[in-house]
Amino acid sequence: MTHLEKRAWIRLVVAVLAYAAYVVVVLRRADGGPLPDTPYTAALLWSVGGAIAATIAAEIGMAIVNPRASRVQDARDREIGRFGDHVGQAFVVIGAVAAMLMAMAGWDRFWIANVVYLCFVLSAVLAGIAKVVAYRRSLPEW
């Protein structure tokens, strides 16, 4: 497994776990009440910050465990990275458009923030899956 494939796995797993933890915290805080009245800002910020810190720590740990691993990128690695980013990028755009429409319609900030966060997570997850599949099989030929 290449260094970049390991990074893709780390980012994929961390994104899923961080978002799952966020959802659990928000649902527990809601305690059956209306979700827009639930305090979510701190949980969202901690979730994002924790995901960033966990990713950095896992990548440092991976480098410590295997210090001689090659970090050289070849043309295939760059193409896989570009492919994964293109796959995931669609959800960033979907989240931005959805947030814009929700804001114009006067939706509560809770829903707007959560749609944006969900789309960021979906972007990271889909990009990670696309990269892992491309490393395991091959890039699609179009």
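Residues numbered from 1 in each chain as written. Predicted model: local features only at pLDDT ≥ 70, side-chain atom pairs only at ≥ 80, totals over all residues. Heavy atoms only, no water.

### What about the overall build of the protein?
Then, in step 1: For the protein, the count of helices and strands is 4 helices and 0 strands.
Then, in step 2: When its helices and strands are written in sequence order, the protein yields α-α-α-α.
Then, in step 3: Taking the principal axes of its C-alpha atoms as reference, the protein extends roughly 50 × 35 × 20 Å.
Then, in step 4: Buried residues in the protein amount to 32% of all 142 residues. (Helix = DSSP H or I, 4+ residues; strand = E, 2+ residues; numbered from the N terminus. Buried < 20%, exposed > 50% of the residue type's maximum accessible area, 1.4 Å probe, protein only.)

### Considering the pattern of salt bridges
Then, in step 1: Applying the stated criterion across every chain, the model contains 5 salt bridges.
Then, in step 2: The shortest N-O distance in the salt bridge between Arg 11 and Glu 59 comes to 3.1 Å. Residue Arg 11 is located in helix α1 (residues 3-30), and its partner Glu 59 is located in helix α2 (residues 41-65); the two are separated by 48 residues in the primary sequence.
Then, in step 3: Residue classification places Glu 59 among the buried positions, given a relative accessible area of 16%.
Then, in step 4: The salt bridge involving Asp 85 is made with Lys 131; its shortest N-O contact spans 3.3 Å. Linking Asp 85 in helix α3 (residues 75-104) with Lys 131 in helix α4 (residues 109-136), this pair joins segments that are 46 residues apart in sequence.
Then, in step 5: Take Lys 131: its relative accessible area is 18%, and that puts it in the buried class.
Then, in step 6: What emerges from the salt-bridge pattern is a single network uniting Arg 7, Arg 11 and Glu 59. (Salt bridge = Lys/Arg side-chain N within 4 Å of Asp/Glu carboxyl O.)

### Some points on the packing of α1 against α2
Then, in step 1: Direction vectors running N to C along α1 and α2 enclose 155°, while the axes themselves pass 9 Å from each other. The orientation of α1 relative to α2 falls into the category roughly antiparallel. Crossing handedness for the pair α1 and α2: right-handed. Of the residues in α2, those in contact with His 3, Lys 6, Arg 7, Ile 10, Arg 11, Val 14, Ala 18, Tyr 19, Tyr 22, Val 25, Val 26 and Arg 29 of α1 are Ala 43, Leu 44, Ser 47, Ala 51, Ala 54, Thr 55, Ala 58, Glu 59 and Met 62. (Axes fitted to C-alpha atoms, helices over the stretch in contact; angles between N-to-C directions. Parallel < 35°, antiparallel > 145°, perpendicular 65-115°, else oblique. Left-handed = near helix turned anticlockwise from the far one by under 90°. Contact = heavy atoms within 4.5 Å.)

### Some thoughts on the nonpolar core
Then, in step 1: Tyr 22, Val 26, Tyr 40 and Tyr 117 are the most contacted members of the largest nonpolar core, which totals 17 residues.
Then, in step 2: When residues of this core are traced back to their parent elements, those giving at least two are α1, α2 and α4.
Then, in step 3: When residues in this core are grouped by element, the largest group, 8 residues, is from α1.
Then, in step 4: Discounting chain neighbours no more than four positions away, the residues touching Val 26 are Leu 35, Thr 38, Tyr 40, Ala 43 and Phe 110. (Core = buried A, V, L, I, M, F, W, Y, C linked by side-chain atoms within 4.5 Å.)

### Comments concerning the layout of surface pockets
Then, in step 1: Roughly 470 Å³ of volume is contained in the largest pocket.
Then, in step 2: Only α1, α2, α3 and α4 provide two or more residues apiece to the lining of the largest pocket.
Then, in step 3: Per-element tally for the lining of the largest pocket: the top contributor is α4, with 8 residues.
Then, in step 4: The residue inventory of the lining of the largest pocket, partitioned by class, reads 13 nonpolar, 6 polar and 3 charged.
Then, in step 5: Computed from the structure, the second largest pocket encloses a volume of approximately 180 Å³.
Then, in step 6: In terms of lining, the second largest pocket is formed by Leu 4, Arg 7, Ala 8, Arg 11, Gln 73, Asp 77, Arg 78, Ile 80, Gly 81, Lys 131 and Tyr 135.
Then, in step 7: For the lining of the second largest pocket, the elements supplying multiple residues, two or more each, are α1, α3 and α4.
Then, in step 8: Taken together, the residues of the lining of the second largest pocket break down into 4 nonpolar, 2 polar and 5 charged. (1 Å grid on protein atoms, 1.4 Å probe; cavity = no way out; pocket = protein on both sides within 12 Å on 5 of 7 lines; lining within 4 Å. Points joined across faces, edges and corners; volume = space filled by probe spheres on them. Nonpolar A, V, L, I, M, F, W, Y, C, P; charged D, E, K, R; others polar.)

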